[in-house]
Amino acid sequence: MSVLVFVENIEGKFKKSAFEVVSYAKTIANTLNQKLTAISIGDVSDTALESLGKYGANKILNVNSEKLKSFINQAYASIITQAAKQEEATIIVLSNSFSGKGLAPRIAAKMEAGLADGAVGLPEINENNFRIKKTAFSGKAFALTELTSVIKVIALNPNSFELRDEITTPEITTFEADLHSQDFNTIVKEIVRTTDKISLPDAEIVVSGGRGLKGPENWGIIEDLANALGAATACSKPVSDAGWRPHEEHVGQTGIAVSPNLYIAIGISGAIQHLAGVSSSKTIVVINKDPEAPFFKVADYGIVGDAFEIVPKITSAIKALKE
Ligand code: FAD
């Protein structure tokens, strides 16, 4: 028996969440006294694959084919399922990313496995129980879920597990999956990059603006702070609905869910639908001129005042610290 972890890459480079899932899965494998196998799909160099050894991968299955360069849900789910069967994996770990959210239920269905998606902690494992904490109701609550199936699939929320170094020298082998035409019902024809900015779901720091910014012409203060911090930019729903910012930046219940280490909310009231997508951020800083703004109730740090005065001062201070 073993633990299998799927590691995602973007254009051959592993995402930070890939190292997180390896580190997380290794901790589970150690608890169960099992080996950890990682599966990578796409064109990834040996050096990049070897880097998974920093977090404890014992074996790496490498699947590289021109047809699989882009993410294809059905094909990837089929490959991971076949690898899990070959490795006799009873636990399969993925990131709860865009791709992971599509893959995890498919793999669970194929393997007749229990699924914990949006996991935020290590499972409590004993002879009778396998309990895992996960987010529920769009991040408004946590649920302690018990997986009673023999095979278990866990989709770990990005940025919810600290990396733990555990050096191994992984054995890298090529994995040949048996794929059929139905695995390619969807074909990616072209990928159009809309921005070169840091991807929002993967960002460690997010600077987000709301209607308090008054209009798109004022977004410079958000961009400047984000640039100074190496952060991604986000916004509330009315801001993207009004066309001030692109829809890809809208976070919340109906937008992207983020869980960065630091979320800075500027001129955002903190409506429940907004909080649903950001409340699992590690540290929340709120800047709002209304001391009664609901966002302050969930903030770790709050500044009451005018964003147009405060934000440029913070940006200057950060730039000065860097010099
Ligand atoms: P406002 O509520 O108008 O708040 C602006 C804030 O800026 C205020 O708190 C004000 O005090 C502050 N402010 C004003 N001027 C300044 C200044 N100079 N300096 C500092 N602060 C200032 N919203 C989302 O964001 N994401 C979602 O996914 C989402 N999904 C929804 C789904 C449904 C079904 C519904 C009904 C609503 C949804 N909403 C969502 C909308 C949500 O209910 C709120 O209306 C929205 O989040 C409010 O956006 P806001 O905070 O930017 O604007």
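Residues numbered from 1 in each chain as written. Predicted model: local features only at pLDDT ≥ 70, side-chain atom pairs only at ≥ 80, totals over all residues. Heavy atoms only, no water.

- Under an unreviewed UniProt entry, the name given to the protein is Electron transfer flavoprotein alpha subunit apoprotein, and the source organism is Olivibacter domesticus.
- UniProt's Sequence similarities (unreviewed entry) comment on the protein is quoted here verbatim: "Belongs to the ETF alpha-subunit/FixB family." (UniProt positions renumbered as here; feature names shortened; annotations may be inferred.)

A closer look at the packing of aromatic side chains
And step 1. In the structure shown here, the tally under the stated rule is 7 aromatic pairs.
And step 2. Look at Tyr24 and Phe161: their rings are 5.3 Å apart centre to centre, the planes differ by 90°, and that puts the pair in the edge-to-face class. With Tyr24 in helix α1 (residues 16-32) and Phe161 in the loop between β11 (152-156) and β12 (171-174), the pair connects residues that are 137 residues apart, well separated along the chain. Both residues of the pair, Tyr24 and Phe161, count as buried.
And step 3. A ring pair is formed by Trp219 and Trp244, whose centres lie 6.2 Å apart and whose planes are at 65°; its orientation type is edge-to-face. (Phe/Tyr/Trp six-rings, centres within 6.5 Å; stacked < 30°, edge-to-face > 60°. Helix = DSSP H or I, 4+ residues; strand = E, 2+ residues; numbered from the N terminus. Buried < 20%, exposed > 50% of the residue type's maximum accessible area, 1.4 Å probe, protein only.)

Some points on the site of the ligand
And step 1. Close to the ligand lie 26 residues, the nearest being Ser236, Thr254, Ser269, Gln273 and Asn288.
And step 2. One of the side-chain N or O atoms of Lys214 is found 2.9 Å from a nitrogen atom in the ligand.
And step 3. When the free accessible area of the ligand is taken as 980 Å², the share hidden by the protein chains comes to 75%.
And step 4. For the shell around the ligand, the residue count by class is 6 nonpolar, 14 polar and 6 charged. (Near = heavy atom within 4 Å. Polar contact = N/O pair within 3.5 Å; in protein donor to acceptor, adjacent residues only side chain to side chain. Areas by Shrake-Rupley, 256 points an atom, 1.4 Å probe, with all protein chains shown as cover. Nonpolar A, V, L, I, M, F, W, Y, C, P; charged D, E, K, R; others polar.)

So, the side chain of Thr315
And step 1. Assignment of secondary structure puts Thr315 in helix α8 (residues 307-322).
And step 2. Thr315 gets classed as buried once you look at its relative accessible area, which sits at 5%.

Structural notes on the sheet that holds strand β15 (residues 262-266)
And step 1. In space, the 5 strands of this open sheet follow the order β14-β13-β15-β16-β17, with parallel pairing throughout. Unpaired on one side and paired on the other, β14 (232-235) and β17 (301-304) mark the two borders of the sheet. Recorded for the sheet is a direction-independent mean angle of 15° between the axes of neighbouring strands.
And step 2. Where β15 meets strand β16 (residues 283-288), 5 bridges bridge the pair, whose relative direction is parallel. What sits directly across from Ile266, in β16, is Ile287.
And step 3. Against the sheet, helix α5 (residues 220-229) engages β13 (205-209), β14 and β15, with an angle of about 175° to β13.
And step 4. Against the sheet, α8 makes contact with β15, β16 and β17, and its axis sits at roughly 135° relative to β16, the strand it touches most. (Pairing = 2+ DSSP bridges. Axes fitted to C-alpha atoms, helices over the stretch in contact; angles between N-to-C directions. Contact = heavy atoms within 4.5 Å.)

Points about unusual backbone geometry
Trans peptide bonds make up most of the peptide bonds, and negative phi angles are found at most residues other than glycine.
And step 1. Positive phi is not limited to glycine here, since Asn33 has a value of about 60°.
And step 2. Mapped onto the secondary structure, Asn33 falls in the loop between α1 and β4 (35-41).
And step 3. Positioned with a positive phi, Glu88 is a non-glycine residue whose angle comes to about 50°.
And step 4. Assignment of secondary structure puts Glu88 in the loop between α3 (73-86) and β6 (89-95).

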